[in-house]
Amino acid sequence: MARKILVLGETKENELRNVSFEAIAAAHKAAEGGEVVGVLFGEGAASHAEAMIQHGADRVIVSEMDELKQYTTDAYMQAMEQVCEEEQAEGLVIGHTSSGKDLAPRLSRKLSSGLITDCVEIEGEGTNAQYIRPVYSGKAFEKIKMEDGFLFITIRPNNIPALEADSSRSGNIDTKTFTISNLRTIIKEVVKKSTGGIDLAEANIIVAGGRGVKSAEGFKPLEELAGVLGAAIGASRGACDADYCDYALQIGQTGKVVTPDLYIAAGISGAIQHLAGMSNSKVIVAINKDPEAPIFEVADYGIVGDLFDVIPALTEEFKKVTAS
Amino acid sequence: MNIFVLMKRTFDTEEKIIIENGRIDEEGAEFIVNPYDEYALEEAIVLKEAHGGEITVVTVGEEEAEKELRTALAMGADKAVLLNMEDMDEAIDHYTIGEVLTAYFKDQEADIILGGNVAVDDGAGQVASRLAEGLQMNQVTTITKLDIEGTKVTIERDVEGDVEIVETSLPLLVTCQQGLNDPRYPSLPGIMKAKKKPLETIDFDDLDLDEEEIAAKTTTTDRFLPPEKGAGKILEGSTESQAQQLVELLKSEAKVI
């Protein structure tokens, strides 16, 4: 049965995040031919609405109200509640991002709905769809079905493929204002720790360093390799704890959870806390001096050796490939 | 200050996971206080030391969770409450737990409620925010620093690696992220004292909730392990040769570059 599903898109540094497109694809599966309506808030929202339509949204609701410029729980709760009410939507898909994680459970309670967070795959369609999500730090998966009623899921970035952009698609873009009051939390400042460039959560290739890089300086060869590959740089908790890099780069249970196509782990032993953040990557390459390191158990390809020899050699080889 | 901590007893995810017929085999497994809830407990103790007051640790579960509640009491909580679900006949999910907690907290007049940002077993991260909404309470999630002066609260929170500095006020619910503090271990005197601290059990039936109304809205139909990965290829030869082989394999076999 066709049903109307909303997708809350998300921008970061004035770019629409990929997960917004992936959420549209997910919404189409749940909608079973029903309407998929994009929702986008904040500065420049209207200018990104077209991209949501090209990727499969049938129309988009935008708001550039000052109160929605930055994500805050109270403002987004009130705006989304009004959108859900006006649209009489039968479902909502949000990215499992920092703001998505903050908003979804609270909004779900408001809507008296169930919620399935962190979905990585959808099996079947419409009301029969089942949602697959990792549990036990990625060591297992569960398959969940939503009972009748409002369908509400958050999806992990980089897992559910987005639809191909189609520039011939068109749809309405409606600008709305909402009643927003009583904002209890004020954002004073955002201290940027991430390096900019490629977003770790959405990167296709990640080059990550662990304690084996030995110093902040030791990340240099990794950065060179990442430059050649167009990859993002990540790190294990060990490297962050040792102050070789900022916590913004941390991948793991307590850092970011990533699922790139290619994950190159250099000098990372592979503690469970790290594996939880990356073991579902499509292809894993491990480079470590210790042949017994647990990282080799999850690796598709392993090189036992000193990363300071192996990484520069790899950089040279990749240069040859990318040049040809 | 009336301080509450939400605690979950979880399967230790460092354990090997065995699944039989779609269920996780918990036989002989190790159970622990959810590591993120330990940050919440530690922060509660720090708050009490600075501002005075009382710490109540609350869990939703069954009798076996008393062990983890005692651990929390040994760390420094003053009393513990088990919301016992044994009498609930309907299926339970995060929606249910949120409603049960809301029913309990309606009469508590909490100044601050602290929880972990996620539980390491199911990784859903739902219950704390559901409770905040149930109580119409202000929420700030994934916090890494907390300062309270009177009712004014300054918080640093982790936003995908960046730090957001926010100002807000009590009453407040927060979820705790790694980096907030280093949780203490229960001391021997702490463990002895914990045995005498009050641990109250409230049966589901006493919470004035309609079983059917709060029954689960989601159903887990299966659990499974990730497809077994064949043993990875360990590349041999000189460094140059290994690099060549790897690039070739990534190109022609794995097809990721």
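Calculation criteria
Residues numbered from 1 in each chain as written. Chains lettered and ligands numbered in written order. Predicted model: local features only at pLDDT ≥ 70, side-chain atom pairs only at ≥ 80, totals over all residues. Heavy atoms only, no water. UniProt positions renumbered as here; feature names shortened; annotations may be inferred. pLDDT = per-residue confidence, 0-100. Helix = DSSP H or I, 4+ residues; strand = E, 2+ residues; numbered from the N terminus. Expected span 1.5 Å × (residues − 1). Buried < 20%, exposed > 50% of the residue type's maximum accessible area, 1.4 Å probe, protein only. Patch = residues over 30% accessible without salt bridge, like charges linked within 9 Å, V, L, I, M, F, W, Y side chains within 5 Å. Areas by Shrake-Rupley, 256 points an atom, 1.4 Å probe, with all protein chains shown as cover. Salt bridge = Lys/Arg side-chain N within 4 Å of Asp/Glu carboxyl O. Contact = heavy atoms within 4.5 Å. Buried area = accessible area lost by both parts, 1.4 Å probe. Polar contact = N/O pair within 3.5 Å; in protein donor to acceptor, adjacent residues only side chain to side chain. Nonpolar A, V, L, I, M, F, W, Y, C, P; charged D, E, K, R; others polar. Domains from an automatic or database assignment. Core = buried A, V, L, I, M, F, W, Y, C linked by side-chain atoms within 4.5 Å.

- Going by what an unreviewed UniProt entry lists, chain B is known as Electron transfer flavoprotein subunit beta and is assigned to Sinobaca qinghaiensis.
- In its Cofactor (unreviewed entry) section, the UniProt entry covering chain B states "AMP".
- Quoted verbatim from the Sequence similarities (unreviewed entry) field of UniProt, the annotation for chain B is "Belongs to the ETF beta-subunit/FixA family."

- Under an unreviewed UniProt entry, chain A has the name Electron transfer flavoprotein alpha subunit apoprotein and belongs to Sinobaca qinghaiensis.
- Taken from UniProt, the Sequence similarities (unreviewed entry) comment for chain A reads in full: "Belongs to the ETF alpha-subunit/FixB family."

**Some points on the confidence of the model for chain B**
Piece 1. In the predicted model, chain B carries a mean pLDDT of 95, and 100% of its residues have values of at least 70.
Piece 2. ipTM for the predicted complex: 0.95, alongside a pTM of 0.93.

**Regarding helix H3 (residues 94–105) of chain B**
Counting along an α-helix, one turn takes 3.6 residues, and residues three or four places apart therefore face a common direction.
Piece 1. Helix length check: H3(B) (twelve residues) gives 16 Å between terminal C-alpha atoms against 16 Å at 1.5 Å per residue, within 8%.
Piece 2. Of all twelve residues making up H3(B), eleven are buried, and the element is well covered by its neighbours.

**Things to note about the UniProt feature "domain: Electron transfer flavoprotein alpha/beta-subunit N-terminal" (unreviewed entry) in chain B**
Piece 1. Feature annotation in UniProt assigns "domain: Electron transfer flavoprotein alpha/beta-subunit N-terminal" (unreviewed entry) to the following positions: residues 21–211 of chain B.
Piece 2. Across residues 21–211 of chain B, the secondary structure splits into 28% helix and 32% strand, with the terminal C-alpha atoms separated by 27 Å.

**Structural notes on a nonpolar patch on the surface**
Piece 1. On the surface, a cluster of nonpolar side chains totalling about 300 Å² of accessible area is made up of B:Leu188, B:Ile191 and B:Met192.
Piece 2. Inspection of the secondary structure assignment puts B:Met192 in helix H5 (residues 188–194).

**Some words on the interface of chain A and chain B**
Piece 1. With 77 residues of chain A at the contact, the number on the chain B side is 75 residues.
Piece 2. Each partner contributes to the roughly 6600 Å² buried at the junction of chain A and chain B, and carbon and sulfur atoms together form 53% of this total.
Piece 3. Along the contact surface separating chain A from chain B lie nine salt bridges.
Piece 4. Across the pair A:Lys110 and B:Glu133 runs a salt bridge, and its minimum N-O distance is 3.2 Å.
Piece 5. Taken together, the links from chain A to chain B amount to 40 residue pairs in polar contact (both at pLDDT 80 or more).
Piece 6. For the side of chain A that touches chain B, the class distribution of residues is 34 nonpolar, 18 polar and 25 charged.

**Digging into the domain arrangement of chain B**
Piece 1. Here chain B is partitioned into domain 1 (2–207) and domain 2 (228–257).
Piece 2. The C-alpha-based centres of domain 1 of chain B and domain 2 of chain B are spaced at 45 Å.

**Considerations on the nonpolar core**
Piece 1. Core analysis: the biggest nonpolar cluster contains 40 residues, and B:Leu114, B:Leu146 and B:Ile155 have the highest contact counts within it.
Piece 2. Of the residues forming this core, the biggest block, seven residues, is contributed by helix H1 (residues 35–51) of chain B.
Piece 3. Not counting the four nearest positions on each side in its chain, B:Leu146 is found in contact with B:Glu43, B:Leu47, B:Ile112, B:Leu114, B:Val153, B:Thr154, B:Ile155 and B:Leu180.
Piece 4. Listed in part, the 37 residues of the second largest apolar core include A:Ala226, A:Ile303, A:Phe318 and B:Leu246.

**Considerations on the domain arrangement of chain A**
Residues and elements named next belong to chain A.
Piece 1. Under the domain assignment used here, chain A contains domain 1 (5–175) and domain 2 (200–323).
Piece 2. Placing the centre of domain 1 and that of domain 2 at their C-alpha centroids yields a distance of 31 Å.
Piece 3. In this complex, domain 1 contributes twelve residues to the contact, which on the side of domain 2 involves 13 residues.
Piece 4. Taken together, both faces of the contact between domain 1 and domain 2 bury some 1000 Å²; the carbon and sulfur share is 37%.
Piece 5. Contact with domain 2 buries surface across domain 1, with Ser 137, Arg 156 and Asn 158 losing the most and accounting together for 54% of the total.
Piece 6. Taken together, the connections running from domain 1 to domain 2 amount to one salt bridge.
Piece 7. In this structure, Glu 202 engages Arg 17 in a salt bridge whose closest nitrogen and oxygen atoms are separated by 3.8 Å.
Piece 8. Inspection of the region where domain 1 meets domain 2 yields six residue pairs in polar contact (both at pLDDT 80 or more).
Piece 9. A per-class count over the side of domain 1 that touches domain 2 returns four nonpolar, five polar and three charged.

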